[in-house]
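If you want the building blocks of each chain, they are given just below.
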Amino acid sequence: MRVIKVGTSEEMGAVAAQIIAERMRAKPHFVLGLATGGTPETTYAELARLHAEAALDFSTTITFNLDEYVALPIEHPESYRSFMNTRLFDKVNINKANTHVPDGNAEDVDAHCLEYELWIEDVGGIDLQVLGIGHNGHIGFAEPGSSLASRTSKVKLTQGTREANARFFENDINKVPTHAISMGIGTILEAETLLMLAGKGKADAIAAALEGPVTAKCPASALQLHPDVICVLCEGAGDKLTLEYQP
Ligand code: F6R
């Protein structure tokens, strides 16, 4: 487990984007797992800048997002497909056919979840998965109580997660979808490298994830089972860690 502590969210974005860019440059047809939410925004801004100013090429990159809200129209500005288009995909030379976000409006959700897993398998798995963390330790939308072996499925969002995400829905929790499709913890653990990003307000969740017991009560604690994890922490997110880590 590597832990890189930086000051600001912009510094976190610069470090994370550098790690991703190096790997993308080393491997054509790179398979990049993506997260949404507030935390990775600076990373995506920096990747877009590296594309514009340092010729970072996305033409053969394949992406898979962790999750998507159920029953939110795809064109809604807060759908994760819209988020990815505006923050990254529309700013780089990626082939949109190579970008995958779960379909929260799929008619047969179970069949779609299975299909999503097969798409990942068909391209040889995810090379690097970007992760954020919920205050309750969720990764993707695998909420506390999810099996550590869980696969992509429809999940119910906790009240706390909906409260945290109400800021994206005019601060009205009633507008936050109740369910999502999310990769499972088992799916996430199969990525070659996990890149965890965390900032303000996440110190307790990061301490529980990295130094607490491995338990379904804190889905991110499953990172302790993975051989290649890099955490980039800003704004005090690493302040409650007590062990020594290599940067
Ligand atoms: C969303 C996702 C979630 C978020 C988490 C933190 O794709 O994977 O696990 O990373 O809810 O969200 P922010 O970054 O908004 O605090």
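Below is a summary of the structure that appears in this document. (Residues numbered from 1 in each chain as written. Predicted model: local features only at pLDDT ≥ 70, side-chain atom pairs only at ≥ 80, totals over all residues. Heavy atoms only, no water.)

## Some thoughts on the sheet that holds strand 7 (residues 153–156)
Phase 1: Sheet architecture is open: three strands sit in the order 4-8-7, paired in antiparallel fashion. The outermost strands of the open sheet, each flanked by one partner alone, are strand 4 (67–69) and strand 7. The sheet shows a mean angle of 30° between the axes of neighbouring strands, direction not considered.
Phase 2: Sheet topology note: the strand 4/strand 8 (residues 179–182) ladder contains three bridges and is antiparallel. Paired with Asp-67 across the strands is Ser-182, a residue of strand 8. (Pairing = 2+ DSSP bridges. Helix = DSSP H or I, 4+ residues; strand = E, 2+ residues; numbered from the N terminus. Axes fitted to C-alpha atoms, helices over the stretch in contact; angles between N-to-C directions.)

## So, the side chain of Ser-221
Phase 1: Examined against the element boundaries, Ser-221 turns out to sit in the loop between helix 7 (203–211) and strand 10 (229–233).
Phase 2: A polar contact of 2.9 Å, which involves the side chain of Ser-221, links it to the backbone nitrogen of Thr-215.
Phase 3: Sequence-distant contacts of Ser-221, defined by excluding residues within four places in its chain, comprise Ala-208, Ala-209, Pro-213, Val-214 and Thr-215. (Polar contact = N/O pair within 3.5 Å; in protein donor to acceptor, adjacent residues only side chain to side chain. Contact = heavy atoms within 4.5 Å.)

## Quick look at helix 3 (residues 80–87)
Phase 1: By the criterion of burial, helix 3 is predominantly enclosed, with six of the eight residues buried.
Phase 2: Residues of helix 3 that are buried include every one of Tyr-80, Arg-81, Ser-82, Phe-83, Met-84 and Asn-85, and no others.
Phase 3: On its buried face, helix 3 sits against strand 2 (31–34), helix 2 (41–54), strand 3 (62–65), strand 4, strand 5 (99–100) and helix 5 (159–165). (Buried < 20%, exposed > 50% of the residue type's maximum accessible area, 1.4 Å probe, protein only.)

## Considering the site of the ligand
Phase 1: Among the 15 residues in the neighbourhood of the ligand, the closest are listed as Thr-39, Asp-67, His-138, Gly-140 and Lys-202.
Phase 2: Between Thr-39 and the ligand, the recorded distance is 2.4 Å, taken from a side-chain N or O atom to an oxygen atom.
Phase 3: Protein coverage of the free-state accessible area of the ligand, which is 410 Å², stands at 94%.
Phase 4: Broken down by class, the residue content of the shell around the ligand amounts to four nonpolar, eight polar and three charged. (Near = heavy atom within 4 Å. Areas by Shrake-Rupley, 256 points an atom, 1.4 Å probe, with all protein chains shown as cover. Nonpolar A, V, L, I, M, F, W, Y, C, P; charged D, E, K, R; others polar.)

## Section: the environment of His-138
Phase 1: Counting through the fold element by element, His-138 comes out in the loop between strand 6 (128–131) and strand 7.
Phase 2: Measuring from C-alpha to C-alpha, the distance between His-138 and Asp-122 comes to 27 Å, with 16 residues separating the pair along the chain.
Phase 3: The residues touching His-138, leaving out its near neighbours within four places in the chain, are Gly-132, Ile-133, Glu-143, Pro-144, Thr-161 and Pro-219.
Phase 4: Polar side-chain contacts of His-138 include one of 2.9 Å to the side chain of Glu-143.
Phase 5: For His-138, the side chain forms a polar contact with the side chain of Thr-161, separated by 3.2 Å.

## Re the pattern of salt bridges
Phase 1: On inspection of all chains with the given rule, the structure shows nine salt bridges.
Phase 2: Arg-49 is the salt-bridge partner of Glu-53, the closest N and O atoms lying 2.8 Å from each other. With a gap of four residues between them, Glu-53 and Arg-49 both fall in helix 2, about one helical turn apart.
Phase 3: Using a relative accessible area of 57% as the deciding quantity, one classes Glu-53 as exposed.
Phase 4: Judged by its relative accessible area of 35%, Arg-49 is partly exposed.
Phase 5: The salt bridge partner of Lys-240 is Asp-204, with a shortest N-O separation of 2.8 Å. One end of the pair, Lys-240, is in the segment after strand 10; the other, Asp-204, is in helix 7, with 36 residues separating them in the sequence.
Phase 6: Residue Asp-204 is classed as exposed on the basis of its relative accessible area, which comes to 51%.
Phase 7: Bridged by salt links that share partners, the residues Glu-46, Arg-49 and Glu-53 form one connected network. (Salt bridge = Lys/Arg side-chain N within 4 Å of Asp/Glu carboxyl O.)

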